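Chain by chain, the residues run as shown.
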Amino acid sequence: MKRLAFLKLISVFIIVTFLFSGCNLTRLNIKRSLHKNNFNKTDQLKRFLNNMNSDERKRWYIKTYSDFAIQQMKKYKIPASIILSQGLLESGAGVSTLALKSNNHFGIKCKGSWTGKTIYANDDAPDECFRAYPSVLESYKDHSDFLRKNWRYHELFDLKITDYKGLSLIHI
């Protein structure tokens, strides 16, 4: 009887070992880095996103940030689809350098009265100043506020929130 219990235990151990050996090694490395307190969230997220193909990354982005876009839609009356699609495009579905290093998902530059943190990156010109945010949610909030306060986007607020055709024609 003891031998049978021992064999069952060994078989379970072998099956579990077999199952975990097929797991994504990046996830195991991430767990190890967490245990060693040697963890960089940017690198961890970059590894996670780079293991996805383009369509998977886009689905992940939409699923992860759609609630932020909906919050901004309710507050500013900008359709969540417009906010989310611009964030998706500008951030490369979350894998752009700006998105990973500064949580800037919309490519908003430091122009104007910006007094927050900054990051420098090449864009239209070399070494341009971009806004840096403590979180992605702050990026979404600032993007909506930026659109609301910037006269170039006043047309966005003249249309009904359900006028997707008209909204799609506005250059943001």
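Please refer to the structure higher up on the page.
Residues numbered from 1 in each chain as written. Predicted model: local features only at pLDDT ≥ 70, side-chain atom pairs only at ≥ 80, totals over all residues. Heavy atoms only, no water.

**Thoughts on the environment of Lys-58**
Then, number 1: Here Lys-58 shows up in helix 4 (residues 54-76).
Then, number 2: Along the primary structure Lys-58 and Leu-89 are separated by 31 residues, whereas in three dimensions their C-alpha atoms are 9.5 Å apart.
Then, number 3: Not counting residues up to four positions away in its chain, the partners in contact with Lys-58 are Leu-88 and Ala-93. (Helix = DSSP H or I, 4+ residues; strand = E, 2+ residues; numbered from the N terminus. Contact = heavy atoms within 4.5 Å.)

**Examining the pairing of strand 2 (residues 128-131)**
Then, number 1: With burial as the criterion, each face of strand 2 is covered, one bearing Glu-128 and Phe-130 and the other bearing Cys-129 and Arg-131.
Then, number 2: Both strand 1 (residues 118-121) and strand 2 contribute to a ladder of four bridges, which runs antiparallel. Within strand 2, the residue paired with Ala-121 across the bridge is Glu-128.
Then, number 3: With antiparallel pairing between neighbouring strands as the criterion, strand 1 and strand 2 make up a hairpin whose turn holds six residues, including Asp-127 at a positive phi of roughly 55°. (Buried < 20%, exposed > 50% of the residue type's maximum accessible area, 1.4 Å probe, protein only. Pairing = 2+ DSSP bridges.)

**Comments concerning the packing of aromatic side chains**
Then, number 1: Evaluated as defined, the whole model comprises eight aromatic pairs.
Then, number 2: Note on Tyr-65 and Tyr-140: the rings are 6.1 Å apart at their centroids and 25° apart in plane angle, and the pair reads as stacked. Of this pair, Tyr-65 sits in helix 4 while Tyr-140 is found in helix 7 (residues 136-149), placing the two residues 75 residues apart along the sequence. The same class applies to Tyr-65 and to Tyr-140, which are both buried.
Then, number 3: Ring centres of Phe-68 and Tyr-140 lie 5.8 Å apart, and the angle between their planes is 70°; this geometry places the pair in the edge-to-face category. Pair noted here: Phe-68 is in helix 4 and Tyr-140 is in helix 7, with a separation of 72 residues, a long-range link.
Then, number 4: Relative accessible area serves as the criterion here: at 0%, Tyr-140 is assigned to the buried category.
Then, number 5: An aromatic cluster is defined as three or more aromatic residues linked by ring pairs; in this entry it consists of Phe-48, Trp-60, Tyr-61, Tyr-65, Phe-68, Phe-106 and Tyr-140. (Phe/Tyr/Trp six-rings, centres within 6.5 Å; stacked < 30°, edge-to-face > 60°.)

**Here we look at the nonpolar core**
Then, number 1: Tyr-61, Tyr-65 and Tyr-140 are the most contacted members of the largest nonpolar core, which totals 23 residues.
Then, number 2: Taken together, the elements giving at least two residues each to this core come down to helix 4, helix 5 (80-90) and helix 7.
Then, number 3: Per element, the largest residue contribution to this core is five residues, and it comes from helix 4.
Then, number 4: Residue contacts for Tyr-140: discarding those within four places in its chain leaves Tyr-61, Tyr-65, Phe-68, Ala-69, Gln-72, Ile-83, Leu-84, Gly-87, His-105 and Phe-106. (Core = buried A, V, L, I, M, F, W, Y, C linked by side-chain atoms within 4.5 Å.)

**Focus on the side chain of His-105**
Then, number 1: By the element assignment, His-105 lies in the loop between helix 6 (97-102) and strand 1.
Then, number 2: Exposure remark for His-105: the relative accessible area of 2% places this residue in the buried category.
Then, number 3: At 2.9 Å, the side chain of His-105 and the side chain of Tyr-61 are in polar contact.
Then, number 4: Once residues within four sequence positions are removed from consideration, His-105 is found in contact with Tyr-61, Tyr-65, Gln-86, Gly-87, Glu-90, Ser-91, Gly-94, Ala-99, Val-136, Ser-139 and Tyr-140. (Polar contact = N/O pair within 3.5 Å; in protein donor to acceptor, adjacent residues only side chain to side chain.)

**A word on the packing of helix 5 against helix 7**
Then, number 1: The contact between helix 5 and helix 7 brings their axes to 11 Å, and the two run at 115°. Of the two elements, helix 5 crosses helix 7, and the hand of that crossing is right-handed. Contacts from Ile-83, Leu-84, Gln-86 and Gly-87 of helix 5 reach helix 7 at Tyr-140, His-143 and Ser-144.
Then, number 2: Of the residues assigned to the contact of helix 5 with helix 7, the class counts are three nonpolar, four polar and no charged. (Axes fitted to C-alpha atoms, helices over the stretch in contact; angles between N-to-C directions. Left-handed = near helix turned anticlockwise from the far one by under 90°. Nonpolar A, V, L, I, M, F, W, Y, C, P; charged D, E, K, R; others polar.)

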